[in-house]
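The lines below spell out each chain.
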Amino acid sequence: MKLFTKLTLFITLSKMAVAGLFILILPLLVEDIAYKYNDFYLREQKKKVLQVIQKNGIDAYLQGEENYGSYTMLKEEYISLEPATPLSFHDTIATMRRLVEGDTLTYRVLSHQLQANQRTFLLEIGKKTATISQYNKPLQRVALYVLGGLIIITIVIDLIFTRLLLHPLGKIISTRLLNRRFPFKTQAPPIKTSTTDFRYLDDSLVELMTRINAAFEKEKEFTSNASHELMTPISILQSKMENMLVDTATDEEQQKRILGMMKTLNRLKKIVRALLLISRIENDQFPKNDTIVPSTLVAEVMEELEHRLDEKNLHFSSQLTPDVALPHLNHDLVFQLIYNLLNNAIKYNKTGGSIRVTDERLPGAYRLTIADTGVGIDPRDIPVIFDRFRKAPRDTEEGYGLGLSIVSTIARYYHIQITVDAAIDQGSAFTLTFPL
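Cut-offs used in this document
Residues numbered from 1 in each chain as written. Predicted model: local features only at pLDDT ≥ 70, side-chain atom pairs only at ≥ 80, totals over all residues. Heavy atoms only, no water. Core = buried A, V, L, I, M, F, W, Y, C linked by side-chain atoms within 4.5 Å. Buried < 20%, exposed > 50% of the residue type's maximum accessible area, 1.4 Å probe, protein only. Helix = DSSP H or I, 4+ residues; strand = E, 2+ residues; numbered from the N terminus. Domains from an automatic or database assignment. Contact = heavy atoms within 4.5 Å. Salt bridge = Lys/Arg side-chain N within 4 Å of Asp/Glu carboxyl O. Phe/Tyr/Trp six-rings, centres within 6.5 Å; stacked < 30°, edge-to-face > 60°.

**Points about the nonpolar core**
Item 1. With 49 residues, the main nonpolar core has Ile338 and Leu342 as its most contacted residues.
Item 2. At nine residues, the largest contribution of residues to this core is made by helix H8 (residues 331–347).
Item 3. Summarising the domain contributions, this core has at least three residues from each of domain 2 (196–279) and domain 3 (288–435).
Item 4. Residues contacting Ile338, with those up to four places away along its chain left out, are Leu297, Val298, Val301, Leu368, Ile370 and Leu432.
Item 5. One finds Leu42, Tyr61, Ile79 and Leu123 within the second-largest nonpolar core, a separate group that totals 14 residues.

**Overview of the pattern of salt bridges**
Item 1. All chains considered together, the criterion is met by 13 salt bridges.
Item 2. A salt bridge links Asp32 to Lys36; the shortest N-O distance between them is 3.3 Å. Placement of the pair is Asp32 and Lys36 together in helix H1 (residues 3–56), with a separation of four residues, close to one helical turn.
Item 3. By relative accessible area, Lys36 is classed as exposed at 54%.
Item 4. A salt bridge links Glu44 to Lys47, with the nearest nitrogen and oxygen atoms 3.6 Å apart. In this pair, Glu44 and Lys47 both sit in helix H1, three residues apart, roughly one turn of the helix.
Item 5. We classify Lys47 as partly exposed; its relative accessible area is 44%.

**Quick word on the packing of aromatic side chains**
Item 1. In the structure shown here, the tally under the stated rule is seven aromatic pairs.
Item 2. Note on Tyr61 and Tyr68: the rings are 5.3 Å apart at their centroids and 65° apart in plane angle, and the pair reads as edge-to-face.
Item 3. Classification of Tyr61 as buried rests on a relative accessible area of 15%.
Item 4. Residue Tyr68 is classed as partly exposed on the basis of its relative accessible area of 24%.
Item 5. In textbook terms, an aromatic cluster arises when at least three aromatic residues are bridged by ring pairs, as seen for Tyr71, Tyr78 and Tyr107.

Right under this line is the structure:
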């Protein structure tokens, strides 16, 4: 999962978690705010009553009576004044039940003790609790709307900021890591970013690629020198052995030994050439500017291998589409790829067997299949047949374990997919899928 996707999920889920928690506690918050506002309202009403008493006297309410009581029309609020014995409290606010005209109602009541006309009075101002909570639902709904809008706005802002923040990292990945093939012949310009970590990462990757290129140049130099240094003594030894064979003083036993040594020397020569070829392919030392016609290429390969078909009385058939052209390849490498597969199809085939080459055009790909009726391959060995120096235990013919390794190396070089379908004594089929 990409970093931006993870951050997006984290931002969204964290805000949803906060929103969920807020929704759970919202009713309690709204109710608490409503009660606090109501208590504030009761205190303000008390101040107004005390101001009237201070200005006009308590008779403005009592009007000659012992106590005073007043209710609103719907009994939502009330105010009362009545004589009381002196108590220690000054102001209290509590939820109480009151009997009003035969109805028992619940009020939020402010109680205040005051002195007037040398007497103690108890002032009560109450508001019905039902009216306190009547706006809770609308307030909760408005709060949820506001919360939802804020969450959407903050998520959008966070995503835009995150995308802008990670944009340099995306450029580093796309220009330094993705679709880059070794060797790194060119370096993209430095990434513009104000983030120190991204700048450090970019500089480190550039430095690492520079070191890799330097090591690659040394490896190429070593490959060239090794090719010369290894092939020269081999050629000298081969020449001396050939001279010894034509020497009349050499008896038959010595000639057999010399032939055995020449055979081993030829084997060493082929191993060196194969390893050098694999090294050159892996080091990207082959151009990719040829266009290959598979039907023509297979015909060229069989011109070199045709004489070997007669040795085992093999039948060869080719059913290839003539107008298929594969661009951006190297003729010599693809020739070597097909040559090795057809050579193995001949080498490990049964006497009187057959070899069949077919193709198939797919959307965005071209598939070439080389099938034989040979000794086949144990399905358990298929995952390792492309490893270097691996040979089937039953193989008694001469082999160096590098033919299929070269095939695999060339296939990876051109992103060609290789699949193998084989069974013991039932032949094998190698399918090459070329991307177009």
